[in-house]
Amino acid sequence: MSAASTAPTALITGITGQDGSYLADLLLGKGYVVHGVVRRTSSLDRSRLGHLYADPAIYGQRLFLHYADLDDPTPLRRLLAKIAPDEIYHLAGQSHVGLSFEIAESTCDLTAMGTLRLLEMIRDLPKPPRLFHASSSELFGQPAVAPQTEATPWVPVSPYGAAKAFATRMVTIYRQTYGLHACNGILFNHESPRRGENFVTRKICRAAASIKLGLQKKLSLGNLDALRDWGYAPDYVRGMWLTLQQAEADDYVFATGELHSVRDLAAQAFAAVDLDWEPYVEVNPAFFRPAEAANLVGDPSRARQRLGWTPSRTFGEIIAEMTQSEYAALAKSA
Ligand code: NAP
Ligand code: GDD
């Protein structure tokens, strides 16, 4: 029997995203066979997985990609029966909160109903795999208490947050009702050089590097006073894996417990390239949201105590790494 056939098998939805790509790295490093679900797009440029495609010992040997979609259950049902994964990490979703006000129906269909469809498929399997669901601090919306824990009441204020609330609750219902080993990670913001370009950390770090290189003059932002609990994405995917290794399924908050403003973020990113941020930043109301989550800061005590999980990087280190990574990439292509 080959090593691969005795290795644990994981399926990742959303493998092409920031978290999916780091999770694939982590699981492959632990000897897993990894299957990723991808949607059909006109471009095959899946740059976050480029380093894995390029490795002939990985791609097609221990990493496999499959076309399937959460609004078309049959291919996914077939895939689950064929590969019989031990663990599923459900990360696929329209992950931009601001955009969820513009495309509310498709956001909710994928995030809320897509998760329910997956739960229904898992429930029918003869040996149901363990499931990790990427839930979000957007559940809490505008909470009355801070920091938030697994027990804090939910008051979502965006279509995205409401869809995650539905999906999160369904995961709990299926755990309690059908005995599935299904877990929610209530993930606060987490960032990295692989972050999507329209999230505020990457947008600011990229602009700081671009302005330093003389490629851009100004940076337009929305609410500079917005506060978030920003952590490091590779830490959060480690939390996902740890969650599924526990004998008992449960939900966990993953957060740093520290708040910073968009203003602080801009100051840190521009400082990383020896610039003062204020002359370059302008406020554009187009980037304000119809409703804004507030006071989102997490208490990761349960994850620390039960999983031994702690964040590995400070806010300043994350922003410096992201800005330096942008600078190196832009300088190379300039
Ligand atoms: P991301 O970089 O935006 O990746 C999202 C993934 O979902 C991508 O693989 C994307 O595929 C896929 N996807 C998007 N729309 C889809 C659709 N209609 N059908 C099928 N797949 C679709 O997000 P991320 O930062 O890695 O986050 C992963 C998950 O964690 C998301 O569910 C997000 O909501 C949740 N989360 C993230 C954070 C955070 O701070 N990063 C915090 C809390 C929760 P394409 O590559 O084809 O677009
Ligand atoms: N994107 C963006 N662009 N946000 C801006 C801008 C801008 O130009 N200017 C200010 N902001 C503010 C937003 O209003 C928000 O308060 C904050 O910066 C962070 O915005 P994002 O980076 O878009 O992240 P998010 O907090 O809305 O959502 C992220 O974190 C959630 C967890 O709380 C996403 O990763 C979600 O998928 C995730 O669930």
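All of these numbers come straight from a predicted model, not from anything done at the bench.

Turning our attention to the nonpolar core. Core analysis: the biggest nonpolar cluster contains 35 residues, and I12, I15, L27 and Y89 have the highest contact counts within it. If we skip the residues at most four places from it in the chain, I15 touches G20, S21, A24, V34, G36, V37, V38, L49, L63 and L65.

Across the sheet, seven strands lie side by side as β3-β2-β1-β4-β5-β6-β11; this open sheet has parallel pairing. A strand with exactly one partner marks an edge of an open sheet, and here the two such strands are β3 (63–67) and β11 (252–254). Strand-to-strand twist in this sheet, taken as the mean axis angle between neighbours without regard to direction, amounts to 20 degrees. In terms of strand pairing, strand β4 (residues 87–90) meets strand β5 (residues 130–136) through four bridges, oriented parallel. Bridge assignment links H90 to a residue of β5, and that residue is H133.

The subject of this paragraph is the environment of L70. Note on placement: L70 falls in the loop between β3 and α4 (73–83). Along the chain, L70 and V34 lie 36 residues apart, while their C-alpha atoms are 18 Å from each other. Every residue in contact with L70, bar those within four places of it in the chain, is listed here: L76, H90, A92, L110, G114, R117 and L118.

As a structural note, the neighbourhood of ligand 1 is formed by 24 residues, with T16, D19, R39, S95 and Y160 the closest of them. One of the side-chain nitrogen or oxygen atoms of D69 is found 3.3 Å away from a nitrogen atom of ligand 1. Its free accessible area being 900 Å², ligand 1 has 83% of it covered by the protein chains. Elements with a contribution of two residues or more to the shell around ligand 1: α2 (18–29), β5 and α7 (159–178).

Here the focus is the pattern of salt bridges. One pass over the structure, following the stated rule, counts 17 salt bridges. Measuring nitrogen to oxygen at the nearest pair gives 4.0 Å for the salt bridge that ties R302 to E150. Highlighted residues: R302 in helix α11 (residues 301–307) and E150 in the loop between β5 and α7, separated in sequence by 152 residues. According to the relative accessible area criterion, R302 is partly exposed, its value standing at 23%. Where salt bridges share partners, they join E150, D250, R302 and R306 into one cluster.

Under the domain assignment used here, the chain contains domain 1 (3–191 + 230–254) and domain 2 (200–228 + 259–295 + 314–333). Taken over C-alpha atoms, the centre of domain 1 sits 28 Å from the centre of domain 2. Across the domain 1 to domain 2 interface the summed buried area is about 1,400 Å²; carbon plus sulfur atoms make up 61%. Summed over the shared surface of domain 1 and domain 2, the number is one salt bridge. With a shortest N-O distance of 3.9 Å, R228 and E138 are connected by a salt bridge. Summed over the shared surface of domain 1 and domain 2, the number is five residue pairs in polar contact (both at pLDDT 80 or more). Elements supplying a minimum of two residues to the side of domain 1 that touches domain 2: α5 (97–100) and β10 (231–232). Broken down by class, the residue content of the side of domain 1 that touches domain 2 amounts to eight nonpolar, seven polar and two charged.

With that settled, the discussion passes to the side chain of S210. Examined against the element boundaries, S210 turns out to sit in helix α8 (residues 200–212). With a relative accessible area of 7%, S210 lands in the buried category. Once residues within four sequence positions are removed from consideration, S210 is found in contact with L215, Q216 and L330.

Here is what the cut-offs are and how they apply
- Residues numbered from 1 in each chain as written.
- Chains lettered and ligands numbered in written order.
- Predicted model: local features only at pLDDT ≥ 70, side-chain atom pairs only at ≥ 80, totals over all residues.
- Heavy atoms only, no water.
- Core = buried A, V, L, I, M, F, W, Y, C linked by side-chain atoms within 4.5 Å.
- Buried < 20%, exposed > 50% of the residue type's maximum accessible area, 1.4 Å probe, protein only.
- Contact = heavy atoms within 4.5 Å.
- Pairing = 2+ DSSP bridges.
- Helix = DSSP H or I, 4+ residues; strand = E, 2+ residues; numbered from the N terminus.
- Axes fitted to C-alpha atoms, helices over the stretch in contact; angles between N-to-C directions.
- Near = heavy atom within 4 Å.
- Polar contact = N/O pair within 3.5 Å; in protein donor to acceptor, adjacent residues only side chain to side chain.
- Areas by Shrake-Rupley, 256 points an atom, 1.4 Å probe, with all protein chains shown as cover.
- Salt bridge = Lys/Arg side-chain N within 4 Å of Asp/Glu carboxyl O.
- Domains from an automatic or database assignment.
- Buried area = accessible area lost by both parts, 1.4 Å probe.
- Nonpolar A, V, L, I, M, F, W, Y, C, P; charged D, E, K, R; others polar.

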